[in-house]
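Structural characterization, general
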Amino acid sequence: MSPFPYSQPDNAELQVASSIPMLTFSMVSDSGKHRWLSEPESHQNELDKFHEPHDGLHPQLSRVQLEHHRLLTRNRLIWRRFKSILKALILLFLSAGYLIFCFMANRHAIPLRSLGPYSITPDHFETAKSAITTLNIALVTLALYPISDILLELKSEEFFNALVEKRRGGVPLSTINVISSPEFGIIDSIHAVIVGRCSRLFIAATVGSLIAFVTSVLAPTALSIQSVLADGDIVALPVGAVANNSVYNNTFVSGLVTEFYAESNANFAASILWAEMNLGVQYNFSAAVSLEADVSAFVVPQPLNLPMTSTARWLTDVIGLRPSCTWASTNITQPIIVPNASDYLSLAGVYLEDLDLDMTLDSIDVGLLSITNIVVKDPTAFLFNHTTLMPPTDGSTVFLASQCIGGCPIYSSSNYAWLNLTEIPTFTVQLPPSMTFGQPQLWQIACLVCKPNAVIETREVRAEGGAMLSVQPLNEGKQLTSQGNLFPRDTTTMLSIALSGMANGGPASYNATMGLGSQPQAKFLFGSKQVNSWPGVLAQDGSGSTFVNASFLPVANLSAGFGQMLQSASKAYLSGYLGAAYVPARLSALEVVFMSSLPLVLISTVTFLLLHILLGLLRRQKKGEEFTLPNIARIIYGSNIPEEMSLLAQELDDGTGKSVEQDVIEQIGDRTIVLQQHDDGSDVLRFT
């Protein structure tokens, strides 16, 4: 005996009636004829037959069947509970694991070195990216399986849910006919929600479908891979060095100081300065502009044998510059009168007050072939520390500007520059006829003293592949271990020598600079705009002499320019000329790492969380019946729908075997179907 309350007789079989694909139960009689299940006159007879007593074995078989049914019911219940728990765990663990990994990839670089047995390198980037995208899609699809599964279940139950929830008003045939079929897509579902022809569970399922669709689109794209530069192992990198006694050496010639070795490279330093200042040609690596408040520029030892396109970082001692320039006051209060028999190499000694410097004047300091002259004092011969009487070791550079204010000849074929020394401290020197080859001359002299105020610190330096070195700031309270590649006294002494050859920087012709030194020197002191406007030394076609008023740049501009010149000129010494040292470094190489988009990860997190909540709510509220043949048979028992549709189908059947299903639906129109309840509590489906 079947447990289903409205079961078919044992000799019932499924048949297809007319041309409509309609499954019906029919009684097989001796004559081979059949009757419709909806025919009441025969149905009662069949029920009577069905309830006829059986033989004596019926009680025993009935107990076996009941026990078997009980076991099946228990196993089915256990499986359903297990399946529900498994689906919840699939959604929880897969979504949580995927999102946690995405957040980790956003915060830290997670390298991808292999996919199974295959090693991943930047050369395989596109292939690896496609594989990762495919895995993301598969993982997200699997994580969304519990949602899609329960949404399908709710869709299959909507036929009954809609009828039960709208028992009073009913549901139009156009909706109830397809609402639980696979053809009823998302657009149809949205329309049903808008017009109110579905249950509340179906509305929740439709919203869940939209959220799941958004998740399936955005979540896989939240995680990807990219090629980045990653640090390699620690290696020893050779960099330029200034070793002890490589510049300042007082062990030669009976204790006399000599810097000849460093001084011999001054002209090369001046050439680098001219090339970078006037031609815009970069020599080797350059230090980026300092962003630190207490350091205006850095001088960085050059990395040796490192391609300029490389990316690396290393520790090294660097020179922090805080350059300052000032016009010096001297101890000279009266004109210096040079006697006839004076030594032309030492005209007079001058003390530069408040700067702790002594300076020796010589005949080179005055331009005997012109009325103006500017020179850089040689720190190895004519400049001394006032306290120690030794050459300066603080990086001081002295620019001496002089002009004739009396007794100098003026030629109509030449143009002259007149130095504007207003508000600049000066002193005067009278030269004897033996020096001027004529009458005595009176010269006005001013001294510009520039100091780097250098500080040697150990910093991390980075090369980013663009021939530019950036010095990293120190973390607060952290001091790096000195690498010892810059010996302090020799390094600052080198800064004094670095600009001593400025007169030899660039072309030998001084015509454009009006006899005021080389192009780098003139542009440093007067600015490019002013220098480029000068007419040159030679007058045009006997038009007579032209005097150009040459004004020095403000002290602030001179200080900044002095720091930039030291950065360029120092490359001649810090590129291995004075020595090399090995420092710890990490060379960067391309590596494939995971990367994630934080906005997409956050959106995916929200959508997965909503789906978790929705899954729990739908599991609690889901109590409907599935769209199955037994359930359909139960509610059409005693209904007028099969009879009406069967008769209408027979009327429309033309005998060709062509389906008339659509014609039947059109004939019925959009009539409302209502689920009514009998007195015994059973449900029946009827047309209104």
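Here, the structure is the one placed above.
So, a few notes on the structure that sits alongside this text. (Residues numbered from 1 in each chain as written. Predicted model: local features only at pLDDT ≥ 70, side-chain atom pairs only at ≥ 80, totals over all residues. Heavy atoms only, no water.)

1. Notes on the sheet that holds strand S16 (residues 357-361)
So the rule is basically this: For two strands to pair, DSSP has to find at least two bridges joining them. Under the DSSP-based scheme used, a helix requires at least four consecutive residues in state H or I and a strand at least two consecutive residues in state E, with every element numbered from the N terminus. Structural elements are reduced to axes, namely lines fitted to C-alpha atoms, with helices fitted over the stretch in contact, and the angle between N-to-C directions of any two is expressed from 0 to 180 degrees.
Strand order across the open sheet formed by three strands is S15-S16-S18, with antiparallel pairing between neighbours. A single partner strand is all that each edge strand has here, and the edge strands are strand S15 (348-352) and strand S18 (383-385). Direction aside, the axes of adjacent strands within the sheet are offset by 25° on average. Alignment of S15 against S16, held across five bridges, turns out to be antiparallel.

2. Brief notes about a nonpolar patch on the surface
Convention followed: A patch consists of residues exposed above 30% relative accessible area that lack any salt bridge, with like charges linked at up to 9 Å and nonpolar side chains (Val, Leu, Ile, Met, Phe, Trp, Tyr) linked at up to 5 Å. Note on areas: Shrake-Rupley, 1.4 Å probe, and residue coverage restricted to the protein chains presented here. For this document, the term salt bridge refers to a Lys or Arg side-chain nitrogen within 4 Å of an Asp or Glu carboxyl oxygen. Per-residue accessibility, obtained with a 1.4 Å probe over protein chains only, is compared with the maximum for each type, and a residue is labelled buried under 20%, exposed over 50%, and partly exposed between these values.
Together, Ile-186, Ile-187, Ile-190, Ile-194, Val-195 and Leu-210 line one region of the surface with nonpolar side chains, adding up to about 530 Å² of accessible area. With five residues, the top contributor of residues to the nonpolar patch is helix H6 (residues 186-195). With respect to the element layout, Ile-194 can be found in helix H6. Its relative accessible area of 67% is what places Ile-194 among the exposed residues.

3. Here's the deal with the nonpolar core
Definition in use: Put simply, buried Ala, Val, Leu, Ile, Met, Phe, Trp, Tyr and Cys residues joined by side-chain atoms within 4.5 Å make one nonpolar core. The criterion used for residue contact is that any of the two residues' heavy atoms lie within 4.5 Å.
Counting residues in each nonpolar core, the largest one holds 51 residues, and the members touching the most others are Met-494, Phe-526, Phe-552 and Tyr-573. With five residues, helix H14 (residues 555-569) is the largest single contributor of residues to this core. Apart from the residues within four sequence positions on either side, Phe-526 is in contact with Ile-374, Leu-419, Leu-516, Val-531, Trp-534, Ala-550, Ser-551, Phe-552 and Leu-553. Membership of the second largest hydrophobic core comes to 34 residues, among which are Tyr-98, Phe-125, Ala-219 and Ile-225.

4. Description of helix H12 (residues 519-526)
Most of H12 sits inside the fold, with seven of its eight residues counted as buried. By the burial criterion, the buried members of H12 are Pro-520, Gln-521, Ala-522, Lys-523, Phe-524, Leu-525 and Phe-526. Two residues or fewer past H12, Gly-527 is found with a positive phi of approximately 90°.

5. Concerning the side chain of Thr-215
Looking at the secondary structure, you find Thr-215 in helix H7 (residues 200-218). Overall, the relative accessible area of 1% leaves Thr-215 in the buried class.

6. As for unusual backbone geometry
Phi at Leu-389 takes a positive value of approximately 60°, unusual for a residue other than glycine. The class of Leu-389 is exposed, set by a relative accessible area of 58%. The backbone of Asn-453 sits at a positive phi, close to 50°, despite the residue not being glycine.

7. Let's talk about the state of the cysteines
For clarity, the cut-off: Count a disulfide wherever a pair of cysteine sulfur atoms falls within 2.5 Å.
The full count for this structure, using the stated rule, is two disulfides. The residue that forms a disulfide with Cys-325 is Cys-450, at a sulfur-sulfur distance of 2.1 Å. Around the S-S axis, the bridge from Cys-325 to Cys-450 shows a dihedral of about 115° and counts as right-handed. Placement of the pair is Cys-325 in strand S13 (residues 324-327) and Cys-450 in strand S22 (residues 441-451), with a sequence separation of 125 residues. Taking the relative accessible area as the measure of exposure, Cys-325 reaches 5% and is therefore buried. Residue classification places Cys-450 among the buried residues on the basis of a relative accessible area of 0%. Note on cysteine connectivity: Cys-404 is disulfide-linked to Cys-408, with sulfurs 1.6 Å apart. On the S-S bond that ties Cys-404 to Cys-408, the torsion sits near 100°, and the link is right-handed. The exposure class of Cys-404 is buried, given its relative accessible area of 6%. We classify Cys-408 as buried; its relative accessible area is 19%. If you count the bonded cysteines of the protein from the N-terminus, they pair up as 1-4, 2-3.

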